[in-house]
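Residues per chain, in single letters:
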Amino acid sequence: KSQKFQSSQFCGERKEVEKMATYNATDMADVMARLSALEQAQAAMSPINSGDTAWLLTSTALVLLMTLPGLALFYGGMAQVKNVLSTVFQTFSITCLITVLWFMMSYSLAFKEGSKVIGGSSRFWLIGSDDSGNQQSPNRIGLNTVHPLAPTIPEPLFMTFQMTFAIITAAIVCGSFAERMKFTSMLVFIFFWHFLVYCFVAHSEWAMDGFLFQAGTLDFAGGDVVHICSGVSGLAASIVLGPRQGFGVKDMKPHNVVYTMIGGSLLWVGWFGFNAGSAVAANGSAAFAMMATQIATGTSGFTWMVVEYLHRGKPSVLGIVSGAVAGLVVITPAAGFVDQTGAFCMGLIGAPLVYLGVQIKHWAGYDDALDAFGVHGVGGVVGGFLTGFFANDFISSNGGHPDTERGVFYGRARQLGLQVYAIVVIIGWSFTMSLILLYFISISPLKLRVRYETEEEGLDAREHGETLVKEAEAEPASVTQRLLRLFLAGERAAAAASGDAIGRPGG
C-alpha cells in the first residue's frame, strides 16, 4: 500500500482511539498504549532516523563554518595587508557561486546515477522522483526522499552537506594564486573548474557507480576529492600565473597571525563535522572518525612545532597552526578507517612530510602564496598513501565495502596499490584540466593576472575600491613629494646633531 494510504489509516485509527477515550476514561492507560504503538508503527514507515538527521544538520553547519569564517580568516591573516579584503572576498563569493551551481546542476552530476566518471541529470534543479507519497508534487524531492549513500537522512540535507564540501574545495584553490589573479578571471575559472574537475572527481570517488569507488579505493571524507584536487589545481594556477612581484626578495610576512590562528582554530572545530559527519549517521563510525581526527591533529601540530624548532631554531604560532591543519588534511581520507594507533602514526609521519612539502616552493621557484598545495595537496597525497597502510577493517566494518577496507598492516597489501592508483588519477586529471582552463582564460580578453600597478598598490584598492591600508600609505608619493620628504628628514637630522653638539635639543 502507498505511504499516503497507510498514513490515512493511522490517522483514522488515532481518531477512533481518541473517541474511545471520551467514552471510557477508566481505560486511559490502554488508550495511551495503543496511541504509542500507532506512533511507533508510523515512524517505522519512514527511513529517516532523527538522531542521524540531527547529527548531519550539525555537521553541515560545522563544515560551512570551516569556510565562513574559518578559511577566510586563515587565508586573510596570511595575506599582505593590501590584499586582505580581496582574499576574504574570494572565499565569500565562491561560497555564493557554488551554492547556486550545486543545487541547479552539480549535485546531480556528482552524486546521481550516470556513467563511471560523471552523474546524470535526474536531480537538476533538485527535480526527480518523490518518495514522500505526496501525489500533488510528483516531480520534486519529498520529505522522506533519501539518497542510497545516506539512507537514514533526508536527501535535501545530504545535498546541502555535500554542497559545503564543494564550497570549501573551490575556496582552498584560491590560496595558491592569492594576491595576483583578477577577480573576474577567478570567478570564471572556478565556475568551469567546479564542473570539469570537482564534479568528475567527486562522482568517480564517492558515487556508487564511480570507477574509483567500484575499484575499492578508500577516501572517507575527502583526502582525494577535496585536498588533492584543490591543492594540485592550485599548483597549476601558481605555475601559470607566475610568482608575485618581489617573491623571494621582498618581505611578504603574514599581516596578522592572530587572524590565521583564529581561522585555523575554527577549521579544527569544523573538521569534526567534515570527518565525523562523513559517516552520514550518528554511530560508532562517526565516533571513531572524531577520535581519530583529534588525535592526528594534536600529534601533527606538536610534531610540526618540534620540526620547525629543529629547522629554524624557533617555534612559531603560524607553524603550529599550519601543523594542526596538516594533521587534519592527512587524517581526512582515513578518519573512519583507522584506530587510535593509526591516527597517531599518521599525524606523526604526516607533519614532517607536509612541512617538507611547504618548503618545496622555495627550491622549485613557484609561488604557492598561502600554501594551498604545500598543505592540502601534499597532505592529501600523504594521507591517501598512509590510509593504504593503516586502514583497519575492525573500525571500518560499517563502510561501503567492509571486506576490502583494510591496509597493508592488516593483511591487504593490494589496498596500497589502489590508493596510489586513485592519487595518480586525481593528480593527473586535476592538474591537466586546470592547466587547460587557465590557458584559455589567459588568451581570452579577460586575462588572468592583474596589472603591475594593481599588484603593487594592492588588489583591495584597485579591484574592490576598499582597503585596510591608510590613505597615505596606499597612494605612492610623487617624485617631488619624495624629494621634499628626504630634504625635511635631512634638515631634522642636521638640527638634531647640532643640538647635541651644544648640549641642547635640536630645533
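Which parts of the structure should I look at to understand the overall build of the protein?
Within the protein one finds 18 helices and zero strands. The buried share of the protein, reckoned over its 507 residues, is 50%. Sequence-distant contacts, at least 24 apart, represent 74% of the contacts inside the protein between residues at least 6 apart.

Hey, could you run me through the packing of aromatic side chains in this one?
How two aromatic rings sit relative to each other is set out by the distance from centre to centre and by the angle between their planes. Enumeration according to the criterion identifies 25 aromatic pairs in this entry. Aromatic pair Phe385 and Phe389: ring centres 5.4 Å apart, planes at 65 degrees, arrangement edge-to-face. Of the two residues, Phe385 and Phe389 both sit in helix 13 (residues 372–390), four residues apart, roughly one turn of that helix. On the basis of relative accessibility, which here comes to 35%, the residue Phe385 falls in the partly exposed class.

I'm lost on the nonpolar core in this one. Help?
A general feature of soluble globular proteins is that nonpolar side chains tend to end up buried together. In terms of nonpolar packing, the biggest core is built from 112 residues, with Trp102, Phe177, Phe189, Trp193, Tyr198 and Phe274 touching the most fellow members. Considering every element that reaches this core, the biggest residue donor is helix 5 (residues 155–173), with 13 residues. Once you skip the residues sitting within four places of it in the chain, Trp102 turns out to touch Tyr107, Ala110, Phe111, Met159, Gln162, Met163, Ala166, His194 and Tyr198.

Help me understand the pattern of salt bridges in this model?
Opposite charge on two side chains makes pairing possible when the charged atoms of those side chains draw close. Counting across every chain of the model gives eleven salt bridges. Glu455 is paired through a salt bridge with Arg449; the nearest N and O atoms lie 3.0 Å apart. When its relative accessible area of 5% is taken as the criterion, Glu455 is described as buried. By relative accessible area, which is 23% here, Arg449 ends up partly exposed. With its nearest N and O atoms 2.6 Å apart, the salt bridge here joins Glu457 to Arg462. A residue is classified by how much of its surface remains accessible, and Arg462, at 45% relative accessible area, is partly exposed. Shared partners join several salt bridges into a network, and the residues in it are Glu179, Arg180, Arg244 and Asp367.

Help me out: how do you make sense of the environment of Thr91 in this one?
Its place among the elements puts Thr91 in helix 4 (residues 84–111). When the C-alpha positions of Thr91 and Ala170 are compared, they lie 8.6 Å apart, and in sequence the two are 79 residues distant. Not counting the four nearest positions on each side in its chain, Thr91 is found in contact with Thr67, Leu68, Ala72 and Ala171.

I keep staring at the packing of helix 5 against helix 6 (residues 183–206) and nothing clicks. Help me out?
A pair of packed helices can be characterised by two numbers: the angle between their axes and the separation between those axes. Relative orientation of the contacting elements helix 5 and helix 6 amounts to 125 degrees, with a least axis distance of 11 Å. When the interaxial angle is binned, helix 5 and helix 6 end up oblique. In the packing of helix 5 onto helix 6, the handedness of the crossing is right-handed. On helix 6, the residues that touch Gln162, Phe165, Ala166, Thr169, Ala170 and Val173 of helix 5 are Phe189, Ile190, Trp193, His194, Tyr198 and Trp206. A breakdown of the residues in the contact of helix 5 with helix 6 according to their chemical character gives nine nonpolar, three polar and no charged.

Help me understand the packing of helix 13 against helix 14 (residues 414–443) in this model?
The contact between helix 13 and helix 14 brings their axes to 7 Å, and the two run at 160 degrees. Taken together, the axis directions place helix 13 and helix 14 in an arrangement best described as roughly antiparallel. Here the hand of the crossing between helix 13 and helix 14 comes out right-handed. On helix 14, the residues that touch Val381, Gly384, Phe385, Thr387, Gly388 and Phe389 of helix 13 are Gln415, Leu416, Gln419, Val420, Ile423 and Ile427.

I'm lost on helix 5 in this one. Help?
Side chains three or four residues apart in an α-helix point the same way, a direct result of the helix having 3.6 residues per turn. With 19 residues, helix 5 extends 28 Å from end C-alpha to end C-alpha; this agrees with the ideal 27 Å at 1.5 Å per step. Burial of helix 5 is extensive: 17 of the 19 residues sit out of reach of the surface.

Sorry if this is basic, but what is going on with helix 9 (residues 257–275) here?
An ideal rise of 1.5 Å per residue puts 27 Å on 19 residues; helix 9 measures up with 26 Å between its terminal C-alpha atoms. Helix geometry: helix 9 is bent most strongly at Val269, by close to 30 degrees. Taken as a whole, helix 9 has its buried residues at Thr260, Gly263, Gly264, Leu267, Gly270, Trp271, Phe272, Gly273, Phe274 and Asn275. Buried residues belonging to helix 9 abut helix 3 (50–78), helix 5, helix 8 (223–241), helix 10 (284–312) and helix 11 (317–331). Sitting at the amino-terminal end of helix 9 is Asn256, which places a side-chain oxygen 3.1 Å from the backbone nitrogen of Val258.

Each value, and the rule that gives it
Residues numbered from 1 in each chain as written. Predicted model: local features only at pLDDT ≥ 70, side-chain atom pairs only at ≥ 80, totals over all residues. Heavy atoms only, no water. Helix = DSSP H or I, 4+ residues; strand = E, 2+ residues; numbered from the N terminus. Buried < 20%, exposed > 50% of the residue type's maximum accessible area, 1.4 Å probe, protein only. Contact = heavy atoms within 4.5 Å. Phe/Tyr/Trp six-rings, centres within 6.5 Å; stacked < 30°, edge-to-face > 60°. Core = buried A, V, L, I, M, F, W, Y, C linked by side-chain atoms within 4.5 Å. Salt bridge = Lys/Arg side-chain N within 4 Å of Asp/Glu carboxyl O. Axes fitted to C-alpha atoms, helices over the stretch in contact; angles between N-to-C directions. Parallel < 35°, antiparallel > 145°, perpendicular 65-115°, else oblique. Left-handed = near helix turned anticlockwise from the far one by under 90°. Nonpolar A, V, L, I, M, F, W, Y, C, P; charged D, E, K, R; others polar. Expected span 1.5 Å × (residues − 1). Bend = angle between axes of the 7 residues up to and from the residue. Polar contact = N/O pair within 3.5 Å; in protein donor to acceptor, adjacent residues only side chain to side chain.

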